[in-house]
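Topology and contacts: notes
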Amino acid sequence: GSPCTTTWIDTSFGIVVATIVRSHDGGAEQVFLRGNVVGGESGAAIEALGRLITIVLRMPSTMSPEDRMREVVGSLSGTNIERFTSELAQGPTG
C-alpha cells in the first residue's frame, strides 16, 4: 500500500485527525480529515475539506502536491479554518 502519516491537530474546532496518503514518489495524493465531533456541521465541514483537498491533489498540475496544499491554505487565509489548514500544510509529524 501507499505510505501514510497521521497527526492530531488541536484546532478551534477541537482535535482533528489528519491522515495524508502519499504516492510511490512521496507526494501527497489523498487527505482524510476527521474531527472529534461526530455528526453535526463541524464534523461534516472538516471531512468535506479533506475531500476537496484530495480533489485538488489529484488534478493534473505543474505544481507539486505540497505547493497545491499551500495554495489551498493561502486561499483560506483570513477564515476561521486558517490555523488548522496552516498546520496541515506543514505536514504531519507522525
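Cut-offs and rules
Residues numbered from 1 in each chain as written. Predicted model: local features only at pLDDT ≥ 70, side-chain atom pairs only at ≥ 80, totals over all residues. Heavy atoms only, no water. Helix = DSSP H or I, 4+ residues; strand = E, 2+ residues; numbered from the N terminus. Buried < 20%, exposed > 50% of the residue type's maximum accessible area, 1.4 Å probe, protein only. Contact = heavy atoms within 4.5 Å. Pairing = 2+ DSSP bridges. Axes fitted to C-alpha atoms, helices over the stretch in contact; angles between N-to-C directions. Salt bridge = Lys/Arg side-chain N within 4 Å of Asp/Glu carboxyl O.

Quick word on the side chain of Ser 23
Within the fold, Ser 23 resides in the loop between β2 (14-22) and β3 (28-35). A relative accessible area of 13% means that Ser 23 is categorised as buried. Excluding anything up to four places from it in sequence, Ser 23 contacts Pro 3 and Glu 29.

Observations concerning the sheet that holds β2
The strand order across the open sheet built from 3 strands is β1-β2-β3, with neighbouring strands paired in antiparallel fashion. Lying at the two open borders of the sheet, with one neighbouring strand each, are β1 (4-11) and β3. Between one strand axis and the next, the sheet turns through 20° on average, direction left out of account. Bridge count between β2 and β3: 7 bridges; the pairing is antiparallel. The partner of Thr 19 across the bridge, within β3, is Phe 32.

Regarding the pattern of salt bridges
One pass over the full model with this rule turns up 3 salt bridges. Here Glu 47 and Arg 51 are joined by a salt bridge, their closest N and O atoms 2.6 Å apart. Separated by 4 residues within a single helix, Glu 47 and Arg 51 lie in helix α1 (residues 40-58), roughly one turn from each other. The class for Glu 47 is partly exposed, based on a relative accessible area of 38%. By relative accessible area, Arg 51 is classed as exposed at 54%. Taking the shortest distance from any N to any O, the salt bridge between Asp 67 and Arg 70 comes out at 2.7 Å.

Note that all results are geometric; they support no functional claim without further evidence.
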